[in-house]
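What follows is each chain in one-letter form.
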Amino acid sequence: MDHGQVAFLRELLASSETMEQTRRFARTLRTSARDDLLLLGAPDGEEPWHLAAHLDEESRFVPSLKPTLVRWQPPPGAPPHLAIGLDRLADARRGEALFVVSEAAAAPAPLLERVDDARRTGAVILTLDGGDRELTGLAHEALTVPPAGPVTFEQAQHLVSAVAGEEGGRRGLRDRLARFLDLVAGPQEP
């Protein structure tokens, strides 16, 4: 999806419960990771590369969105930013957030164990999930994407990253600039 398609989807869903849940989740995402935002996919699913790229892009406006991609099995010789394995979760602590992306309706036991460990050490747990009750139960904030819902799992990832970045930085900056210009030049006449 490009920026225009995401904007169109946001406009389509503007007053829906889905968009309100996405806004709430995005607010928590922006404010939960003071030190590091750890991003983890399911062991048997796709790694959340695409979401990591979008969050990294949005981190230009909201630095707390800069993700650290944690991988189940980083290949030997991977570049340092792609070689972060599960050991990193053992070091999770207060001030960090673990953002788990799992489309499966039933999260695998190894994922649930890792999430529970990170929660016990003080990390804030956020999940974008397909409806697993155990995974959602471990989360401080969860956004569940039902298979028959108004958006696909991929669309939900785009919405979360766009809303987190825009409402956390770009729109806020534009609004502040517009207010400043109104103060300096006076409001425009209709």
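The structure we're discussing is the one just above.
Cut-offs used in this document
- Residues numbered from 1 in each chain as written.
- Predicted model: local features only at pLDDT ≥ 70, side-chain atom pairs only at ≥ 80, totals over all residues.
- Heavy atoms only, no water.
- Helix = DSSP H or I, 4+ residues; strand = E, 2+ residues; numbered from the N terminus.
- Buried < 20%, exposed > 50% of the residue type's maximum accessible area, 1.4 Å probe, protein only.
- Contact = heavy atoms within 4.5 Å.
- Areas by Shrake-Rupley, 256 points an atom, 1.4 Å probe, with all protein chains shown as cover.
- Expected span 1.5 Å × (residues − 1).
- Arc of directions from axis to C-beta.
- Salt bridge = Lys/Arg side-chain N within 4 Å of Asp/Glu carboxyl O.

Caption draft 1: Structural view of the overall build of the protein. When helices and strands are tallied, the protein shows seven helices and five strands. Along the protein, helices and strands appear, N-terminal first, in the series α-α-β-α-β-α-β-α-β-α-β-α. A buried classification covers 46% of the 190 residues belonging to the protein. Taking the contacts inside the protein whose residues are at least 6 apart along the sequence as the reference set, 67% of them involve residues at least 24 apart. Accessible surface computed for the protein: about 10,500 Å², of which carbon and sulfur atoms make up 52%.

Caption draft 2: Inspection of the environment of Val 163 at higher detail. With respect to the helices and strands, the residue Val 163 is situated in helix α7 (residues 153-185). With a relative accessible area of 0%, Val 163 lands in the buried category. Considered as a pair, Val 163 and Phe 25 are 138 residues apart in the sequence and their alpha carbons are 9.3 Å apart.

Caption draft 3: The arrangement of helix α5 (residues 109-120) in detail. Between its first and last C-alpha, α5 extends 16 Å over twelve residues, near the 16 Å set by a 1.5 Å rise per residue. Residues Leu 111, Leu 112, Val 115 and Ala 118 constitute the buried set of α5. Along the axis of α5, the buried residues cluster in a sector spanning 130°; they form a single face. Exposed side chains of α5 directed beyond 90 degrees from the buried face belong to Glu 113 and Arg 120. Along its buried surface, α5 packs onto β1 (36-41), β3 (96-102), β4 (124-129) and α6 (133-138). Gly 122, located one to two residues past α5, shows a positive phi value of around 110°.

Caption draft 4: The arrangement of the pattern of salt bridges in detail. For the structure on display, the rule yields nine salt bridges. The partner of Arg 23 in a salt bridge is Glu 20, and the shortest N-O contact between them spans 3.5 Å. With a gap of three residues between them, Arg 23 and Glu 20 both fall in helix α2 (residues 17-32), about one helical turn apart. Where salt bridges share partners, they join Asp 36, Arg 88, Arg 93 and Glu 96 into one cluster.

Such coordinate-based values are descriptive only and should not be taken to indicate function.
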